[in-house]
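Residue-level structure breakdown
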Amino acid sequence: LGSPPFQFAIDRGGTFTDIFARCPGGRVRVMKLLSENPASYRDAPTEGIRRVLFPQECGTPFPPDHPLDASQIEWIRMGTTVATNALLERKGERIALLITKGFRDLLHIGNQARPRIFDLVMPEVLYEQVVEVDERLILHRAGCQFRVTGDSLVVQRPVDLAMLRRDLQRLLALGIRSLAVVLLHSYAWPAHEQQVGALARELGFQHVSLSSSVMPMVRVVPRGYTACTDAYLTPCIHRYLDGFRASFNQQLQDTQVLFMRSDGGLTPMGQFSGSRAILSGPAGGVVGYAITTYSQEDGQPVIGFDMGGTSTDVSRYAGEYEHVFEATTAGIRIQAPQLDINTVAAGGGSMLFFRSGLFVVGPESAGAHPGPTCYRKGGPLTVTDANLCLGRLLPHYFPHIFGPGEDQPLSQDATLQSFQELTARVNAFLASQVSGPRSPLTVEEVAMGFIQVANEAMCRPIRSLTQARGHDTSHHVLACFGGAGGQHACAIARALGMKRVFIHRYVPGSWRRASLACAGGPATPPSPPSLRSCTEGPSCNLRYERTDCNLMCSAKRAPATSDSAGRDFRVRLLQQVGVPCPTRVVVLGKWGRDGLVMPARVRDGGGLLSLLSCLGCGMGGCVAVGSACGTDSYGTAPSLALVAVASSHPAEQMGRILQRTAISTNIKERLDFSCALFGPDGGLVSNAPHIPVHLGAMQETVQFQIRNLRADLNEGDVILSNHPCAGGSHLPDLTVITPVFWPGVPRPVFFVASRGHHADIGGITPGSMPPHSKVLQEEGAIFVSFKLVKDGVFQEEAVSEALMAPGCIPGSSGTRNLQDNLSDLRAQVAANQKGIQLVSELIGLYGLEVVQSYMAHIQANAEVAVRDMLKGFATRYGAATHPMVVQAQDHMDDGSPIRLKVEPGSPQGSAVFDFSGSGSEVHGNCNAPRAITLSALIYCLRCMVGQDIPLNQGCLAPVQVLIPKGSILDPSPEAAVVGGNVLTSQRVVDVIFRAFGVCAASQGCMNNVTFGNEDIGYYETVAGGAGAGPHWHGRSGVHTHMTNTRITDPEILEKRYPVILCCFELCRGSGGSGRFRGGDGVIRELLFREEVVLSVLSERRAFRPYGLHGEHLPWSGPVSQHPSPSPSLHSHCPDLRLWPPSPGEPSLKPFSLV
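As a starting point, this report considers the structure included with it. These figures come from a predicted structure and were not determined experimentally. (Residues numbered from 1 in each chain as written. Predicted model: local features only at pLDDT ≥ 70, side-chain atom pairs only at ≥ 80, totals over all residues. Heavy atoms only, no water.)

**Regarding the overall build of the chain**
Stated formally: What counts as a helix is a DSSP run of H or I of at least four residues, what counts as a strand is a run of E of at least two, and both are numbered from the N terminus. Relative accessibility decides the category of a residue: with a 1.4 Å probe and only protein chains considered, values under 20% of the type maximum give buried, values over 50% give exposed, and everything between is partly exposed. Residues count as neighbours in contact if any of their non-hydrogen atoms are within 4.5 Å of one another. Computed with the Shrake-Rupley method and a 1.4 Å probe, the accessible areas treat only the protein chains shown as cover for residues.
Broken down by element type, the chain carries 24 helices and 45 strands. Per-residue burial over the chain gives 63% buried out of 1154 residues. Of the contacts formed within the chain by residues at least 6 apart in sequence, a portion of 70% connects residues at least 24 apart. Roughly 41100 Å² of accessible area belongs to the chain as shown, and the carbon and sulfur atoms make up 53% of that amount.

Below, the structure is given as structure tokens:
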């Protein structure tokens, strides 16, 4: 074959494998093969190498079943989606989880939050079996009265190896050969995990993933997920690598074989692991355009746009690779360094829907089978069909591989026929909504409408990578690749104001493989642990003290120090959030021993083709919505969908800013906040998917301020409110409202608002969640229409005085966390300011009249969706032929009834929700302000619609709500309400779902636990069981319905507060029986290491949760005291147990929540 030797770069995707070969003499060979074709070859990369080496170069065939001679191969570099596909399809290795005793269900519970707040069904875990390891490490705490040594980490219980040996042998008998080992605090002292791993390997387990080795960082839950992912995927990768090696003589021992990792670095074949392989394929694309598109001379940053069949990946490069440390893939949160690649479910195969007047693209995909309609297999309409309908795809350029016999061309006729049918439906709907004559939409306009919606969906993650981080999107170059990218690149660039689009000559299929050929070799692990060094320059993983939001920052200046990285951190954070924090301490995050492998830039690759504008001629991109189409009583369907997608962007970015700038655990880590955009009348227009109980109530708050302040609402003012009579939920939820003004308009044109739960605002107990409050004043500081910012000046002195005011009430205290309150309020103001900026940009792009008109149309669309749902319900239950009334009731633990009567009106799709007969206002704190009931109702309606619609005030337009004054659901202004927000709201949801027969009762409360003293304050809500539905089991250990806050990670909890978490697991069997079982409650046991005041606010202790058809669960959760630990009671919702001090340890306060 001669010399120099061959070099191969391969991208093994889920469908196709692309091979790039650099041959002797500089010749380049490219090839595309099916990744799976067992009738022709066993392995696509091996087959590609064989075809390049012999038929193409030598001209002679080589038997496919003979090992290849690797002596002429200098190196092989490969990116692969093997790990990603195995995770998506749940086809990894059978694994077992080994975890500290008392935490067997920790990874099932996770952070308690639902991935999608309106979904009642959630993904399951990766492991098949769990073994509890009897061991425990605890942290030493200065001043702790617990009898421990002076060491920083204490072995409370050594590993019981004898018992563990028996458990491991049982796993072997079940056929399990891969383990994930996750022990608490192993990030700091891995000896216990190492003992477990050594024993497992001795017994014959083939793969053991130790969390302390896979990712040695604090926070056991994400570290545990990462270890499980590694154990689940690494054996699959090793099996593939073994088969790949076996296809060559001498097992490729003398050939350099490198694989692309998720972080963009190349790693030797023997070190390639599952947790670092998730983004192996997409990472190659990022490295590719970084090398070939970015120019150091002009420094113009680049946006990578990789559009495939199912989804689109976007990323950014501006001279440095941008990384994230945590990401979620296929429902699994993975803690590992990886390139910052945002994925949106919009690709060539994304399905097209017309729902309640809105054009919807994805997230469902037609896949390869049946594929789009044009594939001739009876598939649905997709983005590919829309492009075919518009003439962007030319069938005669495609091979004849379609149809049942895989021998026919693309079917343009089938696509046109389906679009004609869809266009008829669209026009029929619009005719029913618009008064007066109107020209019907053409097939081409409908197809273009879907293209515009898909384009806007793909623009959103690009804006998140640029505008949300302080970068001007228009100053970027768009690097286009992926099979479907060229059809949308010009429209995407035009919508974002970009002037240049680049397509590599090997696009679409060979981009990643060419980039692998240009990339450098593996970098060496850095030292110290938090400082990585490579050809890109050293970087640090930095965060503010008492927070867990990290930024990877450059330390390029010589000498490379954490001080220079700290300056970069402050600059980047200021750029992203616009709020300087000069007094906050910057902390160097712990990376562990592996560091971060970065891609090495070798040289600038050639072969770039500038995409000529003629490619986009006649196929314009995202068309601006003109005023002509904004004046109809119902907007044009394509433009309406376009604005609906764009309108949610401000609220999402507000949430991002708030999380990054807040300091409290509640907002930054538990995510107990919500952000939303409101119309000039205060009606909810769009929101980010945050906390359900906030969403409907915030609308009441904004509308109250409009009525109350009237003309006294000026530009530069920011309003603070939390009073129940002003639309508040409970006092700790502080709402910050900022009006949006536009030049030439005297009154606000929109409002933005953020609501966050503050850990303490005073009151009779730490945490401001007293379980025994009787009047509102006992629950903390009160704000009705307080000007937090007046004429652009933050009123720190006045708001501090108001926060300390509860201390004037006997038995009460002012806020115990004043500085945290002030910091979080500033963060809320900053979040609102970001929302104003984005809304102003939207108005500047489309015009005020058009934006306001289309915001009203979006609310009308939500109204249509709810009316359709109510019509369907009435039809199913016979209300179309005779009047129908459905009723339901439940009781609070004090006996107060919650009663509901629903009278659907079938022809109009309307309904009356009558809560008459509900209990009177109580002399306690379970009174729920009217806004809470509206929040519960809007949440239930959105869940029952069953599809993605904008959540706004339009959902309530078809319903009339009757709530008696002076009842528990609309109490007097001075009534205590802290429990109404977190307890009664859940009961209202259960009653609504019971009336409609949606699902069984869930745990019915949020289980509020607060503790604190003069130095610290902490608040958490504890999950329970979700009710089962007609065709699904209820999820165990999850937050249900009106809340979706996270719980603090056990290691963070023990690190920051004087407490030891002894147990956190499911209370098995407590969910009841039946064809579909309810979710189990949880057991949570806390051991306090200092004197604290503990408050528990909970419900469902007297009246048990019920089944969908009225069955009751075997246990409710009583509150009891025990002189010593006792067996927990079965309960669908938690059971509380308080233990008095143990003999000999008078200051210890064990507390168990079951």
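**Notes on the pairing of strand S5 (residues 95-100)**
Convention followed: A pair of strands is labelled paired if DSSP reports no fewer than 2 bridges between them.
Most of S5 is tucked away, with 6 of its 6 residues classed as buried. Where S5 and strand S9 (residues 178-182) come together, 5 bridges link them in parallel fashion. Opposite Ile95, over in S9, you have Ser178 as the bridge partner. One ladder, built from 5 bridges, connects S5 with strand S6 (residues 129-133); its direction is parallel. Within S6, the residue paired with Leu98 across the bridge is Val131.

**Some remarks on helix H19 (residues 796-804)**
We apply this condition: By definition, the arc is the one covered by directions from the helix axis to the C-beta atoms.
Buried residues of H19: Val799, Ser800, Ala802 and Leu803, and no others. The buried residues of H19 all sit within an arc of 160° when viewed along its axis, so they share a single face. In H19, those exposed residues whose orientation departs by more than 90 degrees from the buried face are Glu797 and Glu801. Residues of H19 that are buried make contact with strand S29 (718-721), strand S32 (786-790) and helix H20 (818-846).

**Quick notes on the packing of helix H18 (residues 692-709) against helix H22 (residues 930-945)**
Condition: Only the stretch in contact is used when a helix axis is fitted, and all axes are lines through C-alpha atoms; the angle between N-to-C directions ranges over 0 to 180 degrees. Any angle between 65 and 115 degrees counts as roughly perpendicular, while under 35 counts as roughly parallel, over 145 as roughly antiparallel, and the rest as oblique. It is the rotation of the near helix from the far one that decides the hand of a crossing: anticlockwise by less than a right angle makes it left-handed, clockwise makes it right-handed.
It is at 7 Å that the axes of H18 and H22 come closest, and there the two elements cross at 125°. On the basis of the axis angle, H18 is oblique to H22. Judged by the twist between their axes, the crossing of H18 over H22 is right-handed. On H22, the residues that touch Pro692, Val693, His694, Leu695, Gly696, Ala697 and Glu700 of H18 are Ala931, Ile932, Leu934, Ser935, Ile938 and Tyr939.

**Some remarks on the packing of helix H11 (residues 443-465) against helix H12 (residues 489-496)**
Formally: Polar here means any residue outside two lists: the nonpolar Ala, Val, Leu, Ile, Met, Phe, Trp, Tyr, Cys and Pro, and the charged Asp, Glu, Lys and Arg; Gly therefore counts as polar.
Across the interface, H11 lies against H12 with an axial gap of 10 Å and an inter-helix angle of 55°. It follows that H11 is oblique to H12 by the angle criterion. When you trace H11 past H12, the crossing you get is right-handed. Taken together, the residues of H12 that come into contact with H11 (itself represented by Asn455, Met458, Cys459, Ile462 and Arg463) are Ala491, Ile492, Ala495 and Leu496. A per-class count over the contact of H11 with H12 returns 7 nonpolar, 1 polar and 1 charged.

**Thoughts on the pairing of strand S30 (residues 733-740)**
In summary, the side chains of a regular strand alternate between the two faces of the sheet. Burial within S30 is extensive, with 8 of its 8 residues counted as buried. Side-chain alternation along S30 places Asp733, Thr735, Ile737 and Pro739 on one buried face and Leu734, Val736, Thr738 and Val740 on a second face that is also buried.

**Topic: the packing of aromatic side chains**
Aromatic ring pairs are reported here in terms of the distance separating the ring centres and the angle at which the planes meet. Rules: What counts as a ring pair is set by centres within 6.5 Å for rings of Phe, Tyr and Trp (its six-membered ring), and what kind of pair is set by the plane angle: stacked under 30 degrees, edge-to-face over 60, tilted for all other angles.
What the rule picks out here adds up to 19 aromatic pairs. Both rings, one in Phe1011 and one in Tyr1057, keep their centres 6.2 Å apart while their planes meet at 90°; by these two values the pair is edge-to-face. Remark: Tyr1057 occurs in the loop between helix H24 (1050-1056) and strand S40 (1059-1067) and Phe1011 occurs in strand S38 (residues 1008-1012); sequence separation between them is 46 residues. Using a relative accessible area of 1% as the deciding quantity, one classes Phe1011 as buried. With relative accessibility at 10%, the residue Tyr1057 sits in the buried group. Judged by centre distance (4.8 Å) and plane angle (55°), the ring pair of Tyr1018 and Tyr1057 falls under tilted. Of the two residues, Tyr1018 is situated in strand S39 (residues 1017-1021) and Tyr1057 in the loop between H24 and S40; the sequence distance between them amounts to 39 residues.

**Thoughts on the sheet that holds strand S2 (residues 16-22)**
The strand order across the open sheet built from 6 strands is S3-S2-S1-S4-S11-S12, with neighbouring strands paired in mixed fashion. Edge positions in the sheet fall to strand S3 (28-34) and strand S12 (266-268), since each has one partner strand and no second. Each neighbouring strand pair of the sheet contributes to a mean axis angle of 20°, computed without reference to strand direction. Sheet topology places strand S11 (residues 256-260) next to S12; 3 bridges connect them, and they run antiparallel. Paired with Phe259 across the two strands is Thr267, which belongs to S12. Each of strand S1 (6-12), strand S4 (73-80) and S11 touches helix H7 (residues 220-246); the most contacted strand, S4, lies at about 150° to it.

**Quick notes on unusual backbone geometry**
The backbone of Leu671 sits at a positive phi, close to 55°, despite the residue not being glycine. Tracing the backbone through its elements, the reader meets Leu671 in the loop between helix H17 (665-668) and strand S27 (673-678). By relative accessible area, Leu671 is classed as buried at 19%.

**As for the pattern of salt bridges**
One side chain can pair with another of opposite charge once the charged atoms of both are near each other. Note the cut-off: Salt bridge, as applied in this entry: a Lys or Arg side-chain nitrogen positioned within 4 Å of an Asp or Glu carboxyl oxygen.
Applying the stated criterion to the full structure yields 29 salt bridges. The shortest N-O distance in the salt bridge between Arg94 and Glu128 comes to 2.6 Å. Taken together, the residues Arg94 in the loop between helix H2 (82-88) and S5 and Glu128 in the loop between helix H3 (106-109) and S6 connect sequence positions 34 residues apart. Owing to a relative accessible area of 37%, Arg94 belongs among the partly exposed residues under this scheme. Each of Glu47, Arg50 and Arg51 takes part in one network of salt bridges that share partners.

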